[in-house]
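Residue-level structure breakdown
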Amino acid sequence: MAPTREMSLETKERIVKLLEEGNSSRMVAKDVGCSQSAVSKIWTKYKQHGMVVKAKRTGRPRKTSKRQDKQLKHKWEEAGANVCDRTVRNRLKEMGFQYRKAKRKPSLTPKHKRTRLQWAKERQSWTVDDWMKVIFSDESRICIGQGDDAGTFVWCRSSEIYEEACLKKTTKFPQSLMIWGCMSGKGTGEMTVVNSSINAQVYIDILDSFLIPSIEQMFGDNEIIFQDDNASCHRAKTVKAFLGERHIQSMSWPANSPDLNPIENLWWKLKKMVHKKAPTCKADLATAIKESWHQIDAEYCLSLIKSMPQRLKAVIKAKGGATKY
């Protein structure tokens, strides 16, 4: 992979500030638009020197790999232009191209995009107060060891890289637990560990035992809108009948749209918190999940709900395509 352009001192200082505030290297890298390895290197140098150091570099930075250079040069020669590799790279730079790592996002078909766009346009006039009436829900699986995205660095000689003390151990089939939870702008609702596969009846039992108490606790007798995704067990006729009998309005939901559900951000935070507790077995994992869930404050949930208008604007701007959320 070709090296990237030298990072500005302001960007490095922002990276250090975000890391000191407790953000993960993955989130910091996403925020500033660089790789996790770059974030880790800047943090390591900062700890060594006690200050942000501006690295010295010689020559012009590469924007493409050597293989890409050859492909581009071949295209130029086909057009009758005899140019060197550097000229190709300079022209790409002038056109605003940069060599970036591809973002991981759900696959969206044209139908998905049309549905997402229509869904966002129908709700683009909603205010934060409107979104405060929505209770979001989802299932998520949490594994032991999950959340350590920043990597592990060790000091060792080249002959010691496979020594026991220098390894980061991995597990082929890590122990995990499936959980269901809900949240709104008022904070987290109930959360439960699901010990079986989820079918329509299991889902109804979850809603009856955990959604209903959450609604009563957060909203009392006020009307709410319930959000869940399009999993087959969620859209079963018996589930719709259950919600109808309890006069709970269900929100339609576009497929493959985790970026529109703020609870996805809550799952990310929860997994980080659980990882810090370092559970070693399922019993410890269940305890860590429950403790961490109750430690998530209402202000964080409110900040996620406040982001909903911006999420919709991003979907509309992308014409139903992927967004940064």
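So, how was this worked out
- Residues numbered from 1 in each chain as written.
- Predicted model: local features only at pLDDT ≥ 70, side-chain atom pairs only at ≥ 80, totals over all residues.
- Heavy atoms only, no water.
- Helix = DSSP H or I, 4+ residues; strand = E, 2+ residues; numbered from the N terminus.
- Polar contact = N/O pair within 3.5 Å; in protein donor to acceptor, adjacent residues only side chain to side chain.
- Contact = heavy atoms within 4.5 Å.
- Axes fitted to C-alpha atoms, helices over the stretch in contact; angles between N-to-C directions.
- Nonpolar A, V, L, I, M, F, W, Y, C, P; charged D, E, K, R; others polar.
- Phe/Tyr/Trp six-rings, centres within 6.5 Å; stacked < 30°, edge-to-face > 60°.
- Buried < 20%, exposed > 50% of the residue type's maximum accessible area, 1.4 Å probe, protein only.
- Lys NZ or Arg CZ within 6 Å of the ring centre and 35° of its normal.
- Pairing = 2+ DSSP bridges.
- Salt bridge = Lys/Arg side-chain N within 4 Å of Asp/Glu carboxyl O.
- Bend = angle between axes of the 7 residues up to and from the residue.
- Core = buried A, V, L, I, M, F, W, Y, C linked by side-chain atoms within 4.5 Å.
- Patch = residues over 30% accessible without salt bridge, like charges linked within 9 Å, V, L, I, M, F, W, Y side chains within 5 Å.
- Areas by Shrake-Rupley, 256 points an atom, 1.4 Å probe, with all protein chains shown as cover.

So, on to the side chain of His234. Within the secondary structure layout, His234 lies in the loop between strand 4 (225-227) and helix 9 (237-245). A polar contact is formed between the side chain of His234 and the side chain of Glu139, at a distance of 2.9 Å. Beyond its immediate sequence surroundings of up to four residues, His234 is in contact with Glu139, Tyr203, Asp228, Asp229 and Val239.

So, about the packing of helix 12 (residues 298-306) against helix 13 (residues 308-317). Each pair of packed helices can be summarised by the angle the axes make with each other and by the distance between the axes. As a packed pair, helix 12 and helix 13 sit with axes 5 Å apart at the nearest point and diverge in direction by 35°. Only Met308, Pro309, Gln310 and Arg311 of helix 13 make contact with helix 12, whose side of the interface consists of Leu304, Ile305 and Lys306. Grouping the amino acids of the contact of helix 12 with helix 13 by side-chain chemistry returns 4 nonpolar, 1 polar and 2 charged.

Turning next to the packing of aromatic side chains. Applying the stated criterion to the full structure yields 5 aromatic pairs. Centroid distance Trp119 to Trp131: 6.2 Å. Interplanar angle 40°. Geometry classified as tilted. Residue Trp119 is located in helix 6 (residues 110-122), and its partner Trp131 is located in helix 7 (residues 128-131); the two are separated by 12 residues in the primary sequence. You'll find Trp119 and Trp131 in the same group, each marked buried. Both rings, one in Trp126 and one in Trp131, keep their centres 4.6 Å apart while their planes meet at 50°; by these two values the pair is tilted. On the basis of relative accessible area, Trp131 is assigned to the buried category, the value being 0%. An aromatic cluster is present here, built from Trp119, Trp126, Trp131, Phe136 and Trp253 joined pairwise through their rings. For the cation-ring pair, Arg123 lies above Trp126, with the distance from its terminal atom to the ring centre recorded as 5.8 Å.

Taking strand neighbours across the sheet as the criterion, the 5 strands line up as 3-2-1-4-5 in an open arrangement whose pairing is mixed. Each end of this open sheet is capped by a strand with a single partner; those strands are strand 3 (187-194) and strand 5 (249-250). Bridge analysis of strand 2 (residues 176-184) against strand 3 gives 6 bridges, and the strand direction is antiparallel. Within the sheet, the bridge partner assigned to Met183 lies in strand 3 and is Thr188.

Scanning the model with the defined rule gives 6 salt bridges in all. The salt bridge partner of Arg123 is Glu122, with a shortest N-O separation of 3.3 Å. Overall, the relative accessible area of 47% leaves Glu122 in the partly exposed class. The shortest N-O distance in the salt bridge between Glu245 and Arg246 comes to 3.4 Å.

The next thing to look at is helix 8 (residues 200-219). Maximal helix bending in helix 8 amounts to about 35°, located at Leu207. Each element contacted by the buried residues of helix 8 is listed here: strand 1 (134-143), strand 2, strand 3, strand 4 and helix 9. Regarding helix 8, its N-cap is Asn199, as a side-chain oxygen of that residue lies 3.2 Å from the backbone nitrogen of Gln201 further along.

Tracing the backbone shows Trp180 in strand 2. For Trp180, a relative accessible area of 0% puts it in the buried group.

With that settled, the discussion passes to the nonpolar core. One recurring pattern in soluble globular proteins: nonpolar side chains tend to sit buried together. Judged by nonpolar contacts, the single largest core of 34 residues is most densely connected at Trp131, Phe136, Ile179, Met183, Leu266, Leu270 and Ile289. For this core, the leading source of residues is helix 10 (residues 263-276), giving 6 residues. If near-sequence neighbours (up to four positions away) are discounted, Leu266 is found in contact with Met183, Thr188, Trp293, Ile296, Tyr300, Cys301 and Leu304. Ala200, Tyr203, Met218 and Val239 belong to the second largest nonpolar core, which has 21 residues in total.

Moving on, we come to a nonpolar patch on the surface. Together, Ile161, Tyr162 and Leu167 make up an exposed nonpolar region whose accessible area comes to about 340 Å². Tracing the backbone through its elements, the reader meets Ile161 in the loop between strand 1 and strand 2.

These figures capture arrangement, not role.
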